[in-house]
Amino acid sequence: MAPPRILLCGDVLGRLNQLFKRVSSVNKAAGPFDALICVGQFFPDSPEQLGELTDYIEGRSQVPLPTYFIGDYGIGAAKHLLSASKDSANLGFKMDGLKVCQNLFWLKGSGKFNLHGLSVAYLSGRHFSDGQQFGTYTQDDVDALRAIAEDPGIFDLFLTYPCPAMNENHSMVNYFIHNAEASTSDLPHGFLDSPGSDSTIAELVAEIKPRYHIAGTKGIFYAREPYSNVDAVHVTRFLGLASVANKEKQKFIHAISPTPASTMSAVEISTKPLNTTLSPYTYADQTVLAKEATKRPSDSDADSQYWRYDVSQKRQKYGAGDGDRLCFKFVSSGSCPRGDKCNFQHDENAREQSLRGVCFDFLNKGRCERGPNCNFKHSLQDEGESYSHKKRGSENASNRSRECWFCLSSPNIESHLIVSIGEYFYCALAKGPLVQDHILIIPVEHLPNTVLLPPETEIELGRFQNSLKSYYKNQGKSVVFFEWVSKRSTHANLQAIPVPSSRAAAVQDIFNLAAEKLGFKFVASRKNENSDGRKVLRTQFDKNFSFFYVELPDGTIFSHLVEENERFPAQFGREVLAGLLNMADRADWRNCSQSKEEETKMAEDFKNQFQEFDPNK
């Protein structure tokens, strides 16, 4: 298959008639091209130019080929982009562009998408300043892009409006511009240290290492020689583009046809042209390395399995993130390649809220700088609500079941993991289990926790727990039950993890130690055959707060009400037991993933062995 053919353009400034006349001409003479990408200011500087922009948006004029832009500011930007944001077709995480009109797409904030096989990342606009709603990027956009950039694979294109900040050392400037269409003397006075040169962009480029970096400029075109990257085999090419119909006659349209990195061989990727230079971002790389050196000690340090609970050593990334912040990558996609080394929380409940249309900034910080202009919800949603804004009822319940991972009617449920079904609960093997026979006890109804279930359901829950205890005891093991009840919980699951009976006495000590590291003490209560312990839990539980409890092998129940703004890991129970069992590498379930065939076999083996203990047989 032939490589995609892409046209690139600098600042449009609302001159759409001139732009698309030129695009149509180029497309006829040298096309066809697959897409047009515009970097720099897309909207006009003056109201007089709004007419032709409106003609395209309202359909009186036609955009000739799919066009993507990141310069979301100028006259008319707020009006037209806010209108596009409210379109129901643009709800959710639309990183591949919000449709403004036919063939015109706004790349908002930051993100990554696939364009005819090319992996494209972007950071839209200039740095955020107070009072600006459009045309800016925030620190959250930068953090999100950094998280996305840690996915496996190579980025083919990286789109920005500001030029990266250039080191003012003349030798660096010379090789940065050398042999390009513009020379150092052609640059406007003060160009290198102007506001259009962005140090944040320089850091991002050094980290992302795209094959092509494309940016709007201060009115000139230049194509830098390819440069090598630190810790990467491929080279990067920088392209700066001038504004449409500029008086200096600088080039504002440029064509490229790169083969997607995902289809190239290792030899093709690592091939370096003869004119390859050193990276102009060496300084930025050194800065990042210095920051990395300040991270937490090695996992080989004493007591290392508790590093995540030491409140005196909060981990930070780029001066912004800590354990109280959510991982954008996990919330948006359901996984994060950094695993337990991520500096941000992997909160499954936050992801479920996000799927219901709740604003990431609101989930992350409790507020959103976009205010009423934000297209997402600024309140936690009940389990029956989805971002379609439909009224409650059977249709809404259907949406709820489709979205939930644990509803038996959901197409997303991993039904091959189910091992026993009762009237009120069912049991399933945990996906990415900590140990063999790691079980989840899950309510059949879509309920947020097991603490406030009706009394009649407690009898069946007790039967399931007692059956699992007998099953594990037959194998020479004890069992630890625990449940994390977040304010954002949607469908409850009570986890059952077997531990060797020889380690059962140590469970209490290790949970107390972990709690001490986090700065709290458990409330202890005793559970007996009449479930008195769970009755006590009800008196301690407050639905306005998050809640964690664990039932130890001797029947003691430890519980903790998580105060507002308290730092508490969502995977606390699993991580503590991973430490007890010397399985720190399995603390994150994503590190324990298996094929569906392996999971199916495990479930069948468990059902065969559990059959004599199963209360539903």
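Note that this is a predicted model, so its numbers are computed, not measured.

The rules behind the values
- Residues numbered from 1 in each chain as written.
- Predicted model: local features only at pLDDT ≥ 70, side-chain atom pairs only at ≥ 80, totals over all residues.
- Heavy atoms only, no water.
- Helix = DSSP H or I, 4+ residues; strand = E, 2+ residues; numbered from the N terminus.
- Buried < 20%, exposed > 50% of the residue type's maximum accessible area, 1.4 Å probe, protein only.
- Contact = heavy atoms within 4.5 Å.
- Areas by Shrake-Rupley, 256 points an atom, 1.4 Å probe, with all protein chains shown as cover.
- pLDDT = per-residue confidence, 0-100.
- Pairing = 2+ DSSP bridges.
- Axes fitted to C-alpha atoms, helices over the stretch in contact; angles between N-to-C directions.
- Parallel < 35°, antiparallel > 145°, perpendicular 65-115°, else oblique.
- Nonpolar A, V, L, I, M, F, W, Y, C, P; charged D, E, K, R; others polar.
- Polar contact = N/O pair within 3.5 Å; in protein donor to acceptor, adjacent residues only side chain to side chain.
- Salt bridge = Lys/Arg side-chain N within 4 Å of Asp/Glu carboxyl O.
- Arc of directions from axis to C-beta.

1. Section: the overall build of the protein
Along the backbone of the protein there are 17 helices and 25 strands. For the protein, buried positions account for 54% of its 617 residues. For the protein, contacts bridging at least 24 residues in sequence account for 68% of all contacts bridging at least 6. Of the roughly 27300 Å² of accessible surface on the protein, a fraction of 49% belongs to carbon and sulfur atoms.

2. Let's talk about the confidence of the model for the protein
Low-pLDDT portions of the prediction should not be read for the details of their coordinates. Looking at the protein as a whole, its pLDDT mean stands at 78, while 77% of the residues score no less than 70. Considering only residues more than four positions removed or in separate chains, one finds that residues 166-196, a stretch of pLDDT under 50, has 54 contacts. Throughout residues 383-401 the model reports pLDDT below 50, and contacts reaching past four residues in sequence, or to other chains, amount to 35 contacts.

3. Comments concerning the sheet that holds strand β2 (residues 35-38)
One open sheet holds the 6 strands; their spatial order is β4-β5-β3-β2-β1-β17, and the pairing between them is mixed. For this open sheet the edge positions go to β4 (98-101) and β17 (253-256), each flanked by a neighbour on one side alone. Adjacent strand axes in the sheet meet at a mean angle of 25 degrees, parallel and antiparallel pairs treated alike. Taken together, the 4 bridges between strand β1 (residues 6-9) and β17 define a ladder with antiparallel strand orientation. Looking at the pairing, Cys-9 lines up with Ile-253 of β17.

4. As for the pairing of β4
Across 3 bridges, the pairing between β4 and strand β5 (residues 104-106) is antiparallel. Within β5, the position partnered with Leu-98 by the bridge is Trp-106. Here β4 folds back onto β5, and the loop between the two strands holds 2 residues, one of which, Asn-103, carries a positive phi near 75 degrees.

5. So, the packing of helix α13 (residues 455-473) against helix α17 (residues 596-610)
The interhelical angle for the contact between α13 and α17, taken along N-to-C directions, is 95 degrees, at an axis separation of 11 Å. Our classification of the angle between α13 and α17 gives roughly perpendicular. Taken together, the residues of α17 that come into contact with α13 (itself represented by Ser-467, Leu-468 and Tyr-471) are Phe-606, Gln-609 and Phe-610. Along the lines of polarity and charge, the residues of the contact of α13 with α17 split into 4 nonpolar, 2 polar and no charged.

6. Quick word on the side chain of His-491
Relative to the helices and strands, His-491 is located in the loop between β21 (477-485) and β22 (494-500). Within the structure, the side chain of His-491 is placed 3.2 Å from the backbone oxygen of Glu-445, a separation counted as a polar contact. Aside from chain neighbours lying at most four places away, what touches His-491 is Cys-404, Phe-406, Cys-407, Ile-442, Pro-443, Val-444, Glu-445, His-446, Leu-447 and Pro-448.

7. Some details on unusual backbone geometry
Of note, the amide linkage connecting Gly-31 to Pro-32 takes the cis form, showing an omega dihedral of 5 degrees. Along the polypeptide, Pro-32 turns up in the loop between α1 (16-30) and β2. Residues other than glycine seldom take positive phi values, yet Asn-103 does so here, at roughly 75 degrees. Along the chain, the position of Asn-103 falls in the loop between β4 and β5. Phi at Lys-209 is positive, roughly 55 degrees, even though this residue is not glycine.

8. Considering the pattern of salt bridges
Under the defined criterion, the tally for this structure stands at 10 salt bridges. With its nearest N and O atoms 2.6 Å apart, the salt bridge here joins Arg-211 to Asp-156. Residue Arg-211 is found in the loop between α6 (199-208) and β13 (212-216), and its partner Asp-156 is found in the loop between α4 (139-149) and β10 (157-160); the two are separated by 55 residues along the sequence. Side by side, Arg-211 and Asp-156 carry an identical accessibility label, which is buried. The closest approach of N and O atoms between Glu-414 and Lys-431, which form a salt bridge, is 3.4 Å. Of this pair, Glu-414 sits in the loop between α12 (394-403) and β18 (418-421) while Lys-431 sits in the loop between β19 (425-429) and β20 (439-443), placing them 17 residues apart in sequence. A residue is classified by how much of its surface remains accessible, and Lys-431, at 33% relative accessible area, is partly exposed. Via salt bridges that share partners, Asp-55, Glu-58 and Arg-60 belong to a single interconnected network.

9. Quick look at the environment of Phe-33
Mapped onto the elements, Phe-33 comes out in the loop between α1 and β2. As a C-alpha pair, Phe-33 and Ala-255 span 222 residues in sequence and 8.7 Å in three-dimensional space. Beyond its immediate sequence surroundings of up to four residues, Phe-33 is in contact with Arg-5, Ile-6, Leu-7, Val-26, Asn-27, Leu-65 and Ala-255.

10. Observations concerning helix α2 (residues 50-57)
Every α-helix winds through 3.6 residues per turn, so residues three or four apart in the chain are directed the same way. Among the residues making up α2, those that are buried are Leu-53, Thr-54, Tyr-56 and Ile-57. The buried residues of α2 occupy an angular sector of 160 degrees when the element is viewed end-on, so they sit on one face. Remark: Gly-59 follows α2 within two positions and exhibits a positive phi of approximately 90 degrees.

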